[in-house]
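Here is what each chain is made of, one letter per residue.
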Amino acid sequence: MHHFKYRDNVMFCEDVSIEEISAKVGTPFYLYSYATLKRHFQAFNAAFEDVPKLICFSAKANTSLAVLKIFADMGCGLDIVSGGELYRGLKAGFSPERIVYSGVGKRIDEIDYALETGILMFNVESHVELELINRRAADLQKRAPVAIRVNPNVDPKTHPYISTGLRKNKFGINTEAAIESYRMAGRLEHVDVIGIDCHIGSQITDTKPFEAALISLKTLINDLKQMGTDIKYLDMGGGLGITYADEMPPSLSEYAEAITQQLKGMDLQLILEPGRVLVGNAGIMITKVLYRKSGEVKNFVIVDAGMNDLLRPTLYNAFHAIEPVVNSKENLIVADVVGPICESSDFLAVDRNICDVESGDLLAVMSAGAYGYVMSSNYCSRPRVAEVMVKGDRFHVIKTRENYEDLVRGESLPPFFEA
Ligand code: LLP
C-alpha cells in the first residue's frame, strides 16, 4: 500500500502532482510520502501488538533526518551500524535506550560514542570486539549492555550479496562458538549480557528462514539458561521483503505469526530491525528522459539519473518498476533505461517494456525508498540529487540538491605544489 497514484493520468504523491514538484525542484530527485511511511510503521507495529517488543528501524535503509524523525516521533527505536548513523539518529530524536548497534567493524571511536550515549545494546559480532567493548567500558567507567550476534547458518534464499546468515558470511558468531562467547562475556567485568541477536539477510520472501533461525536461537537460549545466563532481549534483525515486481512476500500478519508462534512460552522481549519493509515502497525516484537512441540491437532511453543515484539495478540486478509521471502514451517499446555514466553497467532497467517516451518526459522509478539515496555517490562528479517529502497537499525539500561547490568541499592542494 502506498500513496503514489494517478489522477487524470498524472502521478500524484498524496495530494501533490509530481509534475508540479519536478517543475519546482528539477530532476532527478527522491520523493517520499509521509502518510505511507507512517502507515507502514503503524501496520508493522500493529502486527506484533500482542508481544512485548521494540521495533528498531534499520537506519541504513534510509537515513534522511525527516524520515528518521517520523519514526522517532512514533516511538520507534533505531538499528545503527556506524557512528554516523548514531549521530543522525540522535539528531532525529531517537532516545538512546531504543538504539541497538550492529556491525562487524565497529571502530574504537564509534564504540566510545555509543558507550557515552548509553545505547540499549551492542550486537557483538566477534570475541575480539567483545573484549574491546569491555576495555573501552572500563576506561570510560561505563557498563556495556551486549547481545551476541549469532550466525544460525540459514539460507534466506535471497541475492547472495544480501544473505548474511550463512556460515560463509562474515557476520555473527556460529551457534557453537556463541556459547563460548557468552561464557567469555559472563567473565568480563564491564559487560552486561542482556540479549541474543541474529539477522539472516534482506529481501526475504518466505517465512521459513526466519522460523529456522528462531528454532536454532531457541535451542541456544535454553542452553544458556542451563548455564545460568538469562537472556532478556531476542533481536531477530530485519529482512522482510517487499514487492518490486511480482514477488509475494509474506504479509505482515503472516510474518508476525511465524515469529510469535516460535516465541510462545518464552519470557523475552522481541526486537526487530525492519528497514526495507518500512521505507522501500514509501519512496520513488523521479528522473527525466534526455534522449532516445536506437542502437543496432537495442533501444535506449537515456535519462538524467544514473547508477550513482540509484545503484541497486547495477549492483544486484535489482528490478524497479518504471512508470511515466504523465501517462499519456499508448504505445509500448522495449528499451534499456540507462544513465549518463561511462559504464555499461549504468542502467536502471534492461529490456524493459516501457511507454514510448520522448525527451523531457518524466519517469518514476518505483520502490526506491530503501537503499536508494543512502547508496548514492558522487561518481563522475555528479552532485547528489535532492530529496523531497510530501504530506497531504504540501511538499518540502528535505535535502537540497548538491552543487558543484559541494563536490570540492574539503579538498585542498598540497603546499608542496608551490615549491
Ligand atoms: N539489521 C541488520 C543487522 C542488517 O544488516 C540489515 C540490512 C537490516 C537489519 C535491515 O534489513 P532489511 O529489513 O532492510 O532487509 N543494499 C541492499 C540491502 C542490504 C541490507 C543490509 N543489511 C539492497 O539494496 O537490497
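Residues numbered from 1 in each chain as written. Predicted model: local features only at pLDDT ≥ 70, side-chain atom pairs only at ≥ 80, totals over all residues. Heavy atoms only, no water.

**Let's talk about the packing of helix α7 (residues 175-187) against helix α8 (residues 208-227)**
Turning to step 1, where the next piece is worked out: The interhelical angle for the contact between α7 and α8, taken along N-to-C directions, is 35°, at an axis separation of 11 Å. Seen along the crossing, α7 lies across α8 with a hand that is right-handed. Here T175, A178, I179, Y182 and R183 of α7 come into contact with α8, specifically with S216, L220, D223, L224 and M227.
Turning to step 2, where the next piece is worked out: Across the contact of α7 with α8, the residue classes tally to 6 nonpolar, 2 polar and 2 charged. (Axes fitted to C-alpha atoms, helices over the stretch in contact; angles between N-to-C directions. Helix = DSSP H or I, 4+ residues; strand = E, 2+ residues; numbered from the N terminus. Left-handed = near helix turned anticlockwise from the far one by under 90°. Contact = heavy atoms within 4.5 Å. Nonpolar A, V, L, I, M, F, W, Y, C, P; charged D, E, K, R; others polar.)

**Points about the sheet that holds strand β3 (residues 16-17)**
Turning to step 1, where the next piece is worked out: Pairing is antiparallel in the open sheet, where 3 strands are placed in the order β1-β2-β3. Only two strands of the sheet have a single partner each, and these edge strands are β1 (4-7) and β3.
Turning to step 2, where the next piece is worked out: Here β1 runs beside strand β2 (residues 10-13); their pairing, made up of 4 bridges, is antiparallel. Within β2, the residue paired with R7 across the bridge is V10. (Pairing = 2+ DSSP bridges.)

**Topic: the domain arrangement of the chain**
Turning to step 1, where the next piece is worked out: Per the domain assignment, the segments of the chain are domain 1 (4-32 + 280-405) and domain 2 (34-276).
Turning to step 2, where the next piece is worked out: Inter-centroid distance (C-alpha atoms) of domain 1 to domain 2 is 32 Å.
Turning to step 3, where the next piece is worked out: Facing the 21 residues of domain 1 at the interface are 22 residues of domain 2.
Turning to step 4, where the next piece is worked out: Of the roughly 1900 Å² buried at the junction of domain 1 and domain 2 (both faces included), carbon and sulfur atoms supply 61%.
Turning to step 5, where the next piece is worked out: Sorting the residues of domain 1 by area buried against domain 2 places Y316, Y371 and M389 first, and these three jointly supply 28% of that buried surface.
Turning to step 6, where the next piece is worked out: At the junction of domain 1 with domain 2, the criterion picks out 0 salt bridges.
Turning to step 7, where the next piece is worked out: Counting every contact that joins domain 1 to domain 2 gives 9 residue pairs in polar contact (both at pLDDT 80 or more). (Domains from an automatic or database assignment. Buried area = accessible area lost by both parts, 1.4 Å probe. Salt bridge = Lys/Arg side-chain N within 4 Å of Asp/Glu carboxyl O. Polar contact = N/O pair within 3.5 Å; in protein donor to acceptor, adjacent residues only side chain to side chain.)

**A look at a nonpolar patch on the surface**
Turning to step 1, where the next piece is worked out: There is a patch of nonpolar side chains on the surface, built from L413, F416 and F417 and spanning about 420 Å² of accessible area.
Turning to step 2, where the next piece is worked out: Examined against the element boundaries, F417 turns out to sit in the segment after α12 (404-408).
Turning to step 3, where the next piece is worked out: Overall, the relative accessible area of 55% leaves F417 in the exposed class. (Patch = residues over 30% accessible without salt bridge, like charges linked within 9 Å, V, L, I, M, F, W, Y side chains within 5 Å. Areas by Shrake-Rupley, 256 points an atom, 1.4 Å probe, with all protein chains shown as cover. Buried < 20%, exposed > 50% of the residue type's maximum accessible area, 1.4 Å probe, protein only.)

**Some words on the packing of aromatic side chains**
Turning to step 1, where the next piece is worked out: Using the criterion set out here, one finds 9 aromatic pairs in the structure.
Turning to step 2, where the next piece is worked out: Here the aromatic rings of F57 and F71 are separated by 4.7 Å at their centres, their planes lie at 45°, and the arrangement is tilted. On the criterion of sequence distance, the pair formed by F57 in strand β5 (residues 53-58) and F71 in helix α3 (residues 65-73) is long-range, its members being 14 residues apart. By the burial criterion, F57 is buried, and F71 matches it.
Turning to step 3, where the next piece is worked out: Considering the side-chain rings of F210 and Y255, the 5.1 Å spacing of their centres and the 75° angle between planes classify their relative orientation as edge-to-face. Of this pair, F210 sits in helix α8 while Y255 is found in helix α9 (residues 252-263), placing the two residues 45 residues apart along the sequence.
Turning to step 4, where the next piece is worked out: A residue is classified by how much of its surface remains accessible, and Y255, at 2% relative accessible area, is buried.
Turning to step 5, where the next piece is worked out: One residue, K106, lies across the ring of Y101, its end atom 5.3 Å from the ring centre.
Turning to step 6, where the next piece is worked out: A cation over an aromatic ring shows up here: K391 above the ring of Y34, its NZ or CZ 4.8 Å from the ring centre. (Phe/Tyr/Trp six-rings, centres within 6.5 Å; stacked < 30°, edge-to-face > 60°. Lys NZ or Arg CZ within 6 Å of the ring centre and 35° of its normal.)

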